[in-house]
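# Residue-level structure breakdown
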Amino acid sequence: MLENYIIFGIEIYFAGLILSALLAFLNKSFKSGTKLFIFSNGIGFLSIIFYFLFFSKETLVLAQFNWFFEFTPRLNFLSALFFAIISGVSCLVGIYSLRYLELYKNDYSPHTVQCLMSGFVLGMQGVLLSNNAFVFLLFWEVMSIASFFLVFSDKKEESIKAAFTYFIMTHLGASAILGGFLILGQGTLIFNLDNITIASQNLSPNFSNLAFLLFVFGFGSKAGLVPFHVWLPEAHPQAPSNISAMMSGLMLKVSVYGFIMIILNFVNIPGWAGLIVLFLGILSGMVGVLYAVVERDMKKAFAYSSIENMGIIFTMLGLAIYLLSFGNYQIVAYSIIAFAIFHALNHALFKSALFLSSGIIINRVHTKSLEMMGGIAKLMPIFSLAFLLAILGSLPLPLFGTFYGEWGLIRNSLTLMGESSVSSNTVILLLAVISFVAMISGLAIFAMVKIFGISMLGLPHNPHMEKRNERADFLLIVPVLFLAGGVIVFGFLAKFIIFHITNYLQTVNFYSAHTITSPMDISSFWISGAIIFTGLVVYIFQKILLKNKKERSYHTWDCGQPIDATMQYSATAFSAPIRFFFLSFIGRKKSMQSTPIVETNPWIRKYNFELSIRSTWNDALYAPIAKSLHFMAEKIRFIQNGRIQYYILFLLGALIITLIFAL
């Protein structure tokens with residue numbers, strides 16, 4: 001009986017998403033559609049909670065639509081994890097949108113944004129419930145097309161350019177996924193995803209390797225792995241902040257889900273394929289965190305931070321694939337996959353909170369540049385606390401769930417290095433992984449300290465900053481608080497959640513003879529509790545011991561000179577040491593011009609300094625490809641001569657070639 005209620009709740013959820021899109025579009029009122037969107041996502045989240053409580057070890061078949069390409073939506077533990085995150089975060093983003101879209105009603109079309117946002121969530125959730133390749137790709141396209149239109153919601157030239165870059169990359173990735181499924185299904189798209197194991201067993205090594213590499217490119221490009229990441233730092237900053245939160249916090253997780261689904265079911269993945277994924281992950285982590293450190297556009301910095309976190313997740317998955325190829329380290333490999341899934345769930349929470357926070361800040365200062373921010377903490381103390389928790393939640397620090405994902409990778413690597421059966425090459429590889437992850441984590445702390453310190457503390461750089469009371473924006477602040485609090489809750493429950501993820505992996509483990517035990521030998525609950533208890537004790541003692549002491553408040557003193565915002569650290573100056581050490585890795589263009597203040601006195605001069613950060617990947621890889629394609633297009637444009645005979649001839653040639661390949 002309870003099973004039927006859960007299924008009914010999920011059906012109500014999808015019906016609510018469709019109705020919310022129709023309400024927003026037809027009534028020209030985004031608020032009614034947004035409220036239904038919030039309610040529907042709340043119903044979906046509660047339905048999944050009941051699934052976890054009573055049916056977590058079962059696969060629920062939600063319906064049967066045989067007339068629609070044999071679509072039979074089903075829910076298992078893995079898809080339910082991502083389903084819960086998407087519905088929960090979307091509910092909070094909907095609350096945020098009530099106020100955000102009202103503030104930007106002159107820049108965006110609120111009812112159109114809300115309509116597309118409902119379709120966007122529908123596409124993501126549809127991917128999770130798909131049972132065959134055709135329906136998977138259909139909902140993948142719904143997700144991609146909806147987000148494509150959302151990127152250029154403001155219809156500005158740079159937004160349209162970013163959207164089309166995203167459109168090209170996402171469809172190249174979708175084509176690769178299509179190719180992988182066609183190979184597995186031997187030419188049919190009505191290929192049941194539950195048969196991936198059997199299908200991959202029957203493939204020749206060459207076709208098996210080709211299919212897996214296609215999946216690496218397809219899901220990796222959607223996740224923003226370097227060098228397929230070119231779209232991400234362009235598209236995410238241009239979208240509205242509520243959409244940026246969903247694209248970075250949720251859409252990237254759909255690609256992670258798809259790739260994990262392939263890993264768990266694909267048989268005989270060679271070790272070198274795991275090394276490729278591992279290399280792409282480390283490269284993405286390094287590129288993402290370095291550009292997050294030096295970037296002065298807040299939303300671009302958060303976008304590069306997403307690339308960094310996707311790099312860490314794929315580093316874990318690549319190492320797990322490599323270990324699975326040996327046949328002796330399945331327990332460690334699946335433990336690492338469990339930590340990767342847990343890290344992905346945490347990333348969905350804190351990255352959504354960070355992008356929502358960027359929308360609040362940008363609305364106050366009317367710019368995305370960190371150089372023009374500052375002093376917001378005094379104006380918005382409650383929001384500054386929420387933003388601080390979101391910033392800390394994004395870092396591998398105890399108390400927050402993010403810590404346990406990266407800790408699990410390092411702990412499992414160290415455990416494996418202690419095994420006598422591990423080869424020296426594997427030990428060297430594990431040392432390299434630990435070193436790079438440690439460096440990435442340290443630079444991530446540097447980047448987030450820069451973003452919070454420059455934007456929130458000190459004196460304001462922008463004299464035109466909005467100074468309305470933050471109570472007017474409580475609908476914007478509450479979702480950030482809940483998302484940041486969610487990372488803390490995940491920190492408390494880390495051992496419990498990872499244990500259940502590991503149990504699920506045991507049920508789908510091809511090597512079922514091995515028993516997977518709990519991968520955590522420490523209690524996350526007691527660690528988080530001890531940290532909070534210690535903080536409370538210090539606070540209480542400070543209040544008791546210093547309650548009779550008075551402190552005199554006085555402005556900052558600088559040799560009697562007045563203090564202004566120009567004397568504070570800028571984002572450019574703060575990141576200068578990192579730029580110095582990684583000059584060959586970071587593309588930049590620096591220029592300094594000086595002109596005399598008085599023409600007759602050349603010694604007293606005014607200096608203008610300009611620094612721009614350029615993507616080396618654009619200059620070295622994508623720009624030559626774009627030039628080559630443009631050159632080829634110019635050479636073959638003669639075929640557009642307006643003669644119908646030529647067009648019929650081209651169609652005939654294409655038909656003959658298609659028949660040759662098909663037959």
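Quick notes on the rules
Residues numbered from 1 in each chain as written. Predicted model: local features only at pLDDT ≥ 70, side-chain atom pairs only at ≥ 80, totals over all residues. Heavy atoms only, no water. Helix = DSSP H or I, 4+ residues; strand = E, 2+ residues; numbered from the N terminus. Rg over C-alpha atoms; globule rule 2.2 N^0.38 Å. Buried < 20%, exposed > 50% of the residue type's maximum accessible area, 1.4 Å probe, protein only. Contact = heavy atoms within 4.5 Å. Areas by Shrake-Rupley, 256 points an atom, 1.4 Å probe, with all protein chains shown as cover. Lys, Arg positive; Asp, Glu negative; His and termini not counted. Charge placed at Lys NZ, Arg CZ, Asp CG, Glu CD. Axes fitted to C-alpha atoms, helices over the stretch in contact; angles between N-to-C directions. Parallel < 35°, antiparallel > 145°, perpendicular 65-115°, else oblique. Left-handed = near helix turned anticlockwise from the far one by under 90°. Nonpolar A, V, L, I, M, F, W, Y, C, P; charged D, E, K, R; others polar. Salt bridge = Lys/Arg side-chain N within 4 Å of Asp/Glu carboxyl O.

Let's shift gears to the overall build of the protein chain. The helix and strand tally for the protein chain stands at 24 helices and four strands. In terms of overall size, the protein chain behaves like a compact globule, its C-alpha atoms giving a radius of gyration of 26 Å where 663 residues would be expected to give roughly 26 Å. Judged by the C-alpha coordinates and their principal axes, the protein chain covers about 85 × 70 × 60 Å. Every one of the 663 residues in the protein chain was classed for burial, and the buried ones make up 53%. Long-range pairs, those at least 24 residues apart, make up 80% of the contacts in the protein chain between residues at least 6 apart in sequence. Surface accessibility of the protein chain: about 30,400 Å² in total, with carbon and sulfur atoms responsible for 67%. A distance of 6 Å separates the average location of the 41 positive side-chain charges in the protein chain from that of its 29 negative side-chain charges.

As a further point, take the packing of helix H3 (residues 77–103) against helix H18 (residues 474–492). Two numbers describe how H3 lies on H18: the axes approach to 7 Å, and their chain directions differ by 160°. One finds that H3 runs roughly antiparallel with respect to H18. Between H3 and H18 lies a crossing of left-handed hand. On the side of H3, the interface is formed by Ile-85, Val-89, Leu-92, Ile-95, Tyr-96, Leu-98, Arg-99, Tyr-100 and Leu-103, while H18 contributes Leu-475, Leu-476, Pro-479, Phe-482, Leu-483 and Phe-490. When grouped by side-chain class, the residues that make up the contact of H3 with H18 number 14 nonpolar, no polar and one charged.

Glancing now at the packing of helix H15 (residues 381–393) against helix H17 (residues 424–456). Across the interface, H15 lies against H17 with an axial gap of 10 Å and an inter-helix angle of 170°. The pairing of H15 with H17 is recorded here as roughly antiparallel in orientation. Across the interface between the two elements, Phe-383, Ser-384, Phe-387, Leu-388 and Ile-391 from H15 touch Met-448, Ile-451, Phe-452, Ser-455 and Met-456 from H17. Of the residues belonging to the contact of H15 with H17, the class tally is eight nonpolar, two polar and no charged.

Summarising the element assignment, Ile-497 is placed in helix H19 (residues 494–508). The buried category is assigned to Ile-497, whose relative accessible area is 16%. Separated by 188 residues in sequence, Ile-497 and Asn-309 have C-alpha atoms that sit 20 Å apart. Setting aside anything within four residues of it in sequence, one finds Ile-497 in contact with Phe-342 and Phe-490.

This part is about the pattern of salt bridges. On inspection of all chains with the given rule, the structure shows seven salt bridges. A salt bridge links Glu-102 to Lys-31; its shortest N-O distance comes to 3.9 Å. Here Lys-31 lies in helix H2 (residues 30–54) and Glu-102 lies in helix H3, a separation of 71 residues in the sequence. Residue classification places Glu-102 among the partly exposed residues on the basis of a relative accessible area of 32%.

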